[in-house]
Amino acid sequence: MNQLNNEIRPDWVLPDASSEYRKNLAMALYYKYLLNVAPDGTVLVKPSFRSGGTVLERPLSSGQQSFDTYERNWPLTKNIPKIEALAQTSGEAKFTNDLPVQPGELYAAFVIATKPHTRIGKIDATDALKYPGVVAFYSAKDIPGTNNFMPASLGNQEVEEIFCSGEVLYHGQPVGVIVAETFNQANYAATLVNILYERITQPQPIYPTLKSLVDNQTKTRIFDEPATTTRRGSSYRVKVSAARKVTGRFEMAGQYHYTMETQTCVCVPIEDGMDVHSSTQWVDLCQVAIASMLKVPENSLNFTVRRLGGGYGSKISRAGQIACACALAAHLQNRPVRFVLTIESNMSSIGKRYGCIADYDLDVESNGRFVKLTNNYMQDYGASLNESVGEATSEFFNNCYDTKTWKVVGKAAKTDAPSNTWCRAPGTTEGIAMIENIMEHVAWELGLDPLELRLANMPEGSKMRELLPQFRADVEYNQRKAAIDQFNVDNRWRKRGIAISLMRYPLGYFGALHALVAIHAGDGSVSVTHGGIEMGQGMNTKAAQVAAYVLGLPLEKISIKPTTSLTSPNAIVTGGSMTSEAVCYAVKKACEILLERIKPVRDAHKDAPWETVTQLCYAGNVDLCATYQYRATELKPYIIWGLSCAEVEVDVLTGNVQLRRVDILEDTGESLSPGIDVGQIEGAFIMGVGYWLTEALVYNAEDGALLTNRTWTYKPPGAKDIPVDFRVRFLQKSSNPAGVLRSKATGEPALNMSIVVLFALRNALRSARKDAGLADDWISMGTASTPDQVHLLAGNSIEQYKLN
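Residues numbered from 1 in each chain as written. Predicted model: local features only at pLDDT ≥ 70, side-chain atom pairs only at ≥ 80, totals over all residues. Heavy atoms only, no water.

K.L.:
Quick question: what am I supposed to make of the packing of helix 15 (residues 539-551) against helix 16 (residues 579-604) here?
P.N.:
If you want to describe how two helices pack, look at the angle between their axes and the distance between the axes. For the pair helix 15 and helix 16, the least separation of the axes is 9 Å and the interaxial angle reads 25 degrees. As judged from the angle between their axes, helix 15 and helix 16 are roughly parallel. In this structure, helix 15 meets helix 16 at a crossing whose hand is right-handed. Only T579, S580, V583, C584, V587, K588, C591, E592, L595 and R602 of helix 16 make contact with helix 15, whose side of the interface consists of M539, K542, A543, V546, A547, V550 and L551. Residue composition of the contact of helix 15 with helix 16, by class: 11 nonpolar, 2 polar and 4 charged. (Axes fitted to C-alpha atoms, helices over the stretch in contact; angles between N-to-C directions. Helix = DSSP H or I, 4+ residues; strand = E, 2+ residues; numbered from the N terminus. Parallel < 35°, antiparallel > 145°, perpendicular 65-115°, else oblique. Left-handed = near helix turned anticlockwise from the far one by under 90°. Contact = heavy atoms within 4.5 Å. Nonpolar A, V, L, I, M, F, W, Y, C, P; charged D, E, K, R; others polar.)

K.L.:
Could you clarify how one ought to interpret the domain arrangement of the chain in this entry?
P.N.:
One frequent convention defines the size of an interface as the accessible area lost when the parts assemble. Domain annotation of the chain identifies domain 1 (1-58), domain 2 (61-69 + 460-508 + 637-797), domain 3 (74-94 + 509-634) and domain 4 (96-201 + 258-349). Domain 2 and domain 4 are separated by 38 Å when their C-alpha centres are compared. At the interface, 12 residues of domain 2 touch 9 residues of domain 4. When the two sides are added together, the surface that domain 2 and domain 4 hide from each other amounts to roughly 870 Å², 71% of it contributed by carbon and sulfur. Our count for the domain 2 to domain 4 interface comes out at 0 salt bridges. In this assembly, domain 2 and domain 4 are joined by 0 residue pairs in polar contact (both at pLDDT 80 or more). (Domains from an automatic or database assignment. Buried area = accessible area lost by both parts, 1.4 Å probe. Salt bridge = Lys/Arg side-chain N within 4 Å of Asp/Glu carboxyl O. Polar contact = N/O pair within 3.5 Å; in protein donor to acceptor, adjacent residues only side chain to side chain.)

K.L.:
Is there a simple way to think about the sheet that holds strand 19 (residues 526-530) in this case?
P.N.:
Sheets are built from strands paired through backbone hydrogen bonds, the pairs being either parallel or antiparallel. Ordered by their spatial adjacency, 4 strands build an open sheet running 20-19-18-22, and the pairing between neighbours is mixed. Either end of the sheet is taken by a strand with one partner, and the two such strands are strand 20 (558-560) and strand 22 (625-631). The mean angle between the axes of side-by-side strands here comes to 20 degrees, regardless of whether they run parallel or antiparallel. Examined bridge by bridge, strand 18 (residues 512-519) and strand 22 share 7 bridges and lie antiparallel to one another. By the bridge assignment for strand 22, L516 is matched with T627. (Pairing = 2+ DSSP bridges.)

K.L.:
Mind showing me how you'd approach the UniProt feature "domain: Aldehyde oxidase/xanthine dehydrogenase a/b hammerhead" (unreviewed entry) in the chain here?
P.N.:
Within this structure's numbering, the places UniProt gives as "domain: Aldehyde oxidase/xanthine dehydrogenase a/b hammerhead" (unreviewed entry) are residues 90-201. Its end C-alpha atoms 56 Å apart, residues 90-201 is made of 12% helix and 31% strand. (UniProt positions renumbered as here; feature names shortened; annotations may be inferred.)

K.L.:
Teacher, can you tell me more about the pairing of strand 19 here?
P.N.:
In regular strands, side chains alternate between the two faces of the sheet. Of all 5 residues in strand 19, 5 are buried; the element is thus mostly enclosed. Here strand 19 shows a buried face lined by V526, V528 and H530 and a second buried face lined by S527 and T529. Sheet analysis places strand 18 next to strand 19, joined by 5 bridges and oriented antiparallel. Of the residues in strand 19, the one forming a bridge with I519 is V526. Where strand 18 folds back on strand 19, the antiparallel hairpin that results is connected by 6 residues, among which G524 adopts a positive phi of roughly 75 degrees. Sheet topology places strand 19 next to strand 20; 3 bridges connect them, and they run parallel. By the bridge assignment, S527 is partnered in strand 20 with S559. As a crossover connection, the stretch from strand 19 through helix 15 into strand 20 is right-handed. (Buried < 20%, exposed > 50% of the residue type's maximum accessible area, 1.4 Å probe, protein only. Right-handed = clockwise from strand over helix to strand, strands pointing away.)

Have a look at this one:
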């Protein structure tokens, strides 16, 4: 071991893990090999060391889903497959880039700036334009109208340029677009454009992450949060002298929206304007931005969106920049243009989840009750302050607890990175993670059961007071924890941990959107289109179930058509978990309008089948097409409750983590479509697992370039990162009178509960550190706790690598 220690001298080239980890890992793997080959009976190996000689073996995955269904309402509340599922899995489902090649079509690619804190002096595209197949290069000076993809008319405070025309704000900022005959030609030619940069002032340090900015205490980059700055409880000012004081810092970095489809747009000039096929979650924003940029009327732009290959918030506002660049090229060339970002371009030029750093201090009584709490957090907005998540962060920080003596102060930081944007459960993830981490920290500090401490800080009458003890019993937490404690005694190089986390998720509605329902009189079949964007969340399936239920038809009679700017103009963004319900509400209302129109014919022909009724309506000139606009004021906010329990196992010698079992209980009301909602809950939770355990963004400190910009270096969860045993249960006999047909939303809440995997991992590491002879100090952990972080936190050293 000593010889190996002296011989190994690894370099450290980012984004590789640190040289310290890679050296320690090499020695740990050698030790693991020795434990593995040491023959039983010949070499005396301490029994608790033996398991260190094997890798984590993963049993076959299994899962359980428990939910209510109500046959009287079928096909509503029935567990049915997503209506597009077969088309998607067979490859027949069409996405934006499946649009057939158009005659004369061109391909676009961004030209990017690479030197933040300089000014664009001159852009020389000569070499690029000489390259075979290249047709044109366009930059800010070629824009006829407004160089801004974030329209002020939709509430944006700052201009975000389509193409940088002055100061470069971050590495990867688009300065123009190359248009060429093929995809490869466009992307290669984009690298041939030469940019002359002018220095603005003395060289300034580059801070691509919130951590780099906070570590250097750059206060000129810190602002009050756009939405809210301070949230203070009614009794916060009371003077106290409590038993203990607890302070700490909690750090969360960004997260890439790992969609299967990158940002994509196809623009086709037509006789009276342009057809736009954009992979956007917000048609209206793209329409307003393009019209302003080209100085054309909005009605000359015809948007059609069939579906997205994932969104997670990345295609709300950021899709506007790609759509504008594509539309500009199509407009100036008067030819169809296709713009599909490579994953490297997508990751480097598009913003991500807001990073967040929180400093907290508390006065607490010995029984765990909080006497006073102050939480100062800062969020990484990237290059602009346009999209504020501060209000959600501070509101969700309250979670399930009594907040009368709390004060929460939020700040916004501008960093040298693309403007960050909504990412599944934006603000809410950070808010709930901060307070749940504080609960764990205080419990550790006082030596209390973390769940009892949580109960001690809940207001009387909270539904969680009833749910938590029941959930604790249902998942057999006490028995499993005792078994884990014994396992950790018996195993030096394998450790297990278990934890429970809670969620109170207030859901509100916003905006407006249309649904259009048309009955085809000949055979009584029904077409539905709406203003929501289907992106994998099963919105179309729920809409079809609602239409079938309200009209009293079999599901096979219903067909969902693409979203268009004609049938649902001015539609609000699809996001915030509420759009599926909003769409279902609008569809329900449109169907009820149709039933009212059909009623006289039905009453006159009571025994006639549906198809005869629709034909009679046609003969009588009854209007069989109805629209309805959902408005946020028509629906009331409500609370979604949730609990999660995670059990993990850690290979202490490598830092690898395996999720042995996860239990989730979520309040879904009367689920409109249980199979869809199970998928949403499982998917959201696993996206959170990626955030906490595997997805690390690494930047070059010199120029702010993102170094983890492809699948080789950035790791979303894979097939073996899901829990071995994954159990999802809906709260039984739960009905939501405030919701649409008594339902509750499921798109984002479960991601907030994924923080539990970090707590379970910390509990496993406590045992490893104890065996390493380290003090039982609080282990500060955040995102992403990757294997190198886990290995280094375990306190391993070669002196501990013994056979007995």
